[in-house]
Amino acid sequence: MTYVLQQLINAIQLGSIYALIALGYSMVYGVLRFINFAHGDIFMVGAFLSYFAALLIRRLAGSAGIPNALIFLGSMLLAMLGTALVALSIEKIAYRPLRKYRLSVVITALGMGVFLEHMTLVIVGPWRISFQPLISEKVHKVAGVSISTTQLVIIFVSILLMLILEFIVRQTKQGMAMRAISYDREAVPLMGVNVDHIVTLTFAIASCLAAAGGLLYAHAYPIIEPYMGIMVGWKAFISAVVGGIGVIRGAMLGGYILGFVEIAAGAIFPSRMRDLISFVVLMLVLLAKPTGIFGLPLRQKV
Amino acid sequence: MLRKLILLMVVLALSGIATACAPTGPAEILVGVNAELTGAIPMVGAACKNAAEMAAEEINAAGGLEIGGKKYKIKLVIADNENKPESAAAAATKLITQDKVLIHIGANASKNAIPASSVCNELQCPMISPWSTNPNTTLYKPWVFRACFIDSFQAGVNAQFGMEEFNATKGAVLFDIGSDACYYQGFFFKNTWEKLGGQIVAFETFTTGDKDFTAQLTKIKESGAEVLYVPQYYDEVPLIVKQANRLGVTEKIHIIGHDGWESPDLCKLCGADCNGLYFTTHWAVDIAGEKTQAFIKKYKEKYGVDPDSVAGLTYDAMYLFAKAAQNCGKLTGNLATDRKCIRDGLAAIKDFEGVTGTMTPTEQGDMIKSVHIVKIDCDAGVFRWYKTVQPRTFE
């Protein structure tokens, strides 16, 4: 029983991070009908920016004795700001001029991903960087299950961010516009909504979530490097598709499903079959429901 | 346009003649270095490059390598293999066919050294891998040598050490099935552990690039293992150890590792989490002899960091080559003959005193040398010598 509980916590931790990043894929797809393949690398940029932000805040604070929680919050906000700026300039330079050409914009997205990786490689070098945790680590024992403070913070912060996102999308005008665009792109401008503004906002929110994901990921797996976004990006993309791309709740669910499937496959079967089994499960999900779990059947407009 | 082209060609032709007529200095020997300068383990590539350059400078400063009464200057040709098997093979091909090196030093990680060694053997160019401990690097490849000990010996030492030191019978392994060195280490450890009468209760794997090991570590904790062998590189070890600490694995299980752990970066990345863990390696700095101390001091002055064993082994590989050149006797200028002569010179080496110990190659090109077990003390930033095990087989 403790074993199952422990694996459950492992799965929630991994799933929370996948869900945060999957949201970015899903939101951009919902608004623009295009998959932003650079999103995994935007996540990587977020991790690096939060590393540098934490260094900066620590240095500025000096010996003022600022509590770690504030440094954590501060570096998360700074990283979100920086990552949003990076993502917005990418959108403006590389995506907006090509919005009409759906294939070309996917290629520029892939190119932007490679560009971000190598840009980071040039700036920070190939060395692995150890991320100094901003959370004072303590392992709590509850009925034989080990839960660390880091794990609790990761789970708590990502669920909080998802609730905030839910609020923005459901309760604000901008959120309503986002949903409207994803429902019918042609009609929305006729209602007086500035589509460009909504696209900008979507990119900003998506990259903020990626930045937070980067910071949390760097706490869970505290070594950061320029290529860290590739695999995580792919897995988040898969989560988004499994959950039903374009649907926000689908991305959240998809992230947790992937986390659970990966951990469960490793826990039940010999671990060398982990990826094999977890991806077979995901394929089966898609075979049963090709548009994802929350995905709506494609509407063909005549 | 045409006239310009003709003019350009004339200029080029003239400059060609000019270089051909330039007075030649002392003859040069080209030595190819195939190193992991970028990719997952850049510290390894940097150490290899630095040590090779240091050895070449030393030899050149002493007037060059004397072979058959004639002095030769060493010139290094350095190629980056990006820590990818295919790039390592491509780099080896380029060094041998295009740059026409006399000998090929590198690659270091086994997954790169194995394809590179196939190329060297095929093209009949002698190769010394400083750091690759996998048997397949040299197996049935008469042109290939190594400067380090071999994996079957290292994993055997680890199994015996884990059993005796912690009075354990239940062992576990966690390793990367995507990397040659790690894969063989995992299986060799299992074989020896079982041969010595123990039981492997968890045999867990992952694939290169994985960052989350919680599923496997939870399984290992549940299995009741007493010793966990982690034959991984220094960039993954901190992730594994930190997650193990978080999950409470290390309360009952002793983690031990292999020579891939040794790098000044291990403590930078792992910090206090790695304190008190043991691993096997090529040298122990705190019991090093005079020659080794001198090397360490010089390296540190030159590059500002402590050398790791890759640096020591590359330095030894360069001097193994120098020794082989002397054994060879003379160079003819015909590359194929000279390469053969260097190969035979390497095979003829006996009791070579290097900075990483005394070594003699076997028929297969593997070095017979001792292995050291060190204990990590990251607070002091050192790996302390714990034990030395003399060469033997665990068959």
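Look up: the structure comes first, before these words.
The structure presented is a predicted model; accordingly, all values stated were derived computationally and were not measured.

Draft legend 1. Summary view of the overall build of chain B. Regarding its fold elements, chain B presents 12 helices and 16 strands. Here the C-alpha radius of gyration of chain B, 23 Å, is about what a compact globule of 395 residues would show, namely 21 Å. Taking the principal axes of the C-alpha coordinates as reference, chain B spans close to 80 × 55 × 40 Å. Going through the 395 residues of chain B one by one, you find that 57% of them count as buried. Look at the contacts in chain B between residues 6 or more apart in sequence, and 70% of them connect residues 24 or more apart. Within the structure as shown, chain B displays about 15400 Å² of accessible surface, and the carbon and sulfur contribution to it stands at 55%. Positive and negative charge centroids in chain B, built from 39 and 44 side chains respectively, lie 6 Å apart.

Draft legend 2. Representation of the interface of chain B and chain A within the structure. Counting from both sides, the interface comprises 35 residues of chain B and, opposite them, 33 residues of chain A. Here chain B and chain A share an interface that buries about 2900 Å² over both sides, 53% of which is from carbon and sulfur atoms. When the shortest N-O distance is used, the salt bridge between Asp235 of chain B and Arg128 of chain A registers 4.0 Å. On the surface where chain B and chain A come into contact, there are 17 residue pairs in polar contact (both at pLDDT 80 or more). Counting residues per element, the side of chain B that touches chain A draws most heavily on helix α7 (residues 214–223) of chain B, at 7 residues.

Draft legend 3. Fine view of the sheet that holds strand β3 (residues 70–80) of chain B. Residue and element names in this part refer to chain B. Strand order in the open sheet formed by 6 strands is β2-β3-β1-β4-β5-β6, with mixed pairing between adjacent strands. Where the open sheet ends on each side, the last strands, each with one partner, are β2 (65–67) and β6 (144–146). Averaged over all pairs of adjacent strands, the angle between strand axes in this sheet comes to 30°, irrespective of strand direction. Here strand β1 (residues 27–35) runs beside strand β4 (residues 103–106); their pairing, made up of 4 bridges, is parallel. Its bridge partner lying in β4, Val31 is registered against Ile103. Packed onto the sheet, helix α11 (residues 309–328) meets β1, β2, β3, β4 and β5 (127–129) and runs at close to 25° relative to β2. Sheet contacts for helix α12 (residues 335–347): β4, β5 and β6; angle to β6, the most-contacted strand, approximately 40°.

Draft legend 4. Structural detail: the sheet that holds strand β12 (residues 352–354) of chain B. Residue and element names in this part refer to chain B. Reading across from one edge, β12-β13-β14 is the order of the 3 strands in this open sheet, with antiparallel pairing throughout. Each end of this open sheet is capped by a strand with a single partner; those strands are β12 and β14 (367–368). Bridge analysis of strand β13 (residues 357–361) against β14 gives 2 bridges, and the strand direction is antiparallel. Note on β14: the bridge partner recorded for Pro361 is Met367.

Draft legend 5. Region of interest: empty space enclosed by the protein. All names here are of chain A. With the rule as written, the count across this model stands at 3 cavities of 30 Å³ or more. Estimated volume of the largest cavity: approximately 60 Å³. In terms of lining, the largest cavity is formed by Leu32, Arg33, Phe34, Tyr95, Arg96, Arg99, Arg102 and Val105. Across the lining of the largest cavity, the residue classes tally to 4 nonpolar, no polar and 4 charged.

Draft legend 6. Seen up close, the pattern of salt bridges. Residue and element names in this part refer to chain B. In this structure the tally under the stated criterion is 28 salt bridges over all chains. Residue Asp366 pairs with Arg146 through a salt bridge whose shortest N-O separation is 2.8 Å. Taken together, the positions of Asp366 in the loop between β13 and β14 and Arg146 in strand β6 put the pair 220 residues apart, joining distant regions of the chain. Judged by its relative accessible area of 9%, Asp366 falls in the buried class. Overall, the relative accessible area of 0% leaves Arg146 in the buried class. One salt bridge in this structure joins Lys268 and Asp265, with 3.2 Å as the shortest N-O distance.

Calculation rules
- Residues numbered from 1 in each chain as written.
- Chains lettered and ligands numbered in written order.
- Predicted model: local features only at pLDDT ≥ 70, side-chain atom pairs only at ≥ 80, totals over all residues.
- Heavy atoms only, no water.
- Helix = DSSP H or I, 4+ residues; strand = E, 2+ residues; numbered from the N terminus.
- Rg over C-alpha atoms; globule rule 2.2 N^0.38 Å.
- Buried < 20%, exposed > 50% of the residue type's maximum accessible area, 1.4 Å probe, protein only.
- Contact = heavy atoms within 4.5 Å.
- Areas by Shrake-Rupley, 256 points an atom, 1.4 Å probe, with all protein chains shown as cover.
- Lys, Arg positive; Asp, Glu negative; His and termini not counted.
- Charge placed at Lys NZ, Arg CZ, Asp CG, Glu CD.
- Buried area = accessible area lost by both parts, 1.4 Å probe.
- Salt bridge = Lys/Arg side-chain N within 4 Å of Asp/Glu carboxyl O.
- Polar contact = N/O pair within 3.5 Å; in protein donor to acceptor, adjacent residues only side chain to side chain.
- Pairing = 2+ DSSP bridges.
- Axes fitted to C-alpha atoms, helices over the stretch in contact; angles between N-to-C directions.
- 1 Å grid on protein atoms, 1.4 Å probe; cavity = no way out; pocket = protein on both sides within 12 Å on 5 of 7 lines; lining within 4 Å.
- Points joined across faces, edges and corners; volume = space filled by probe spheres on them.
- Nonpolar A, V, L, I, M, F, W, Y, C, P; charged D, E, K, R; others polar.

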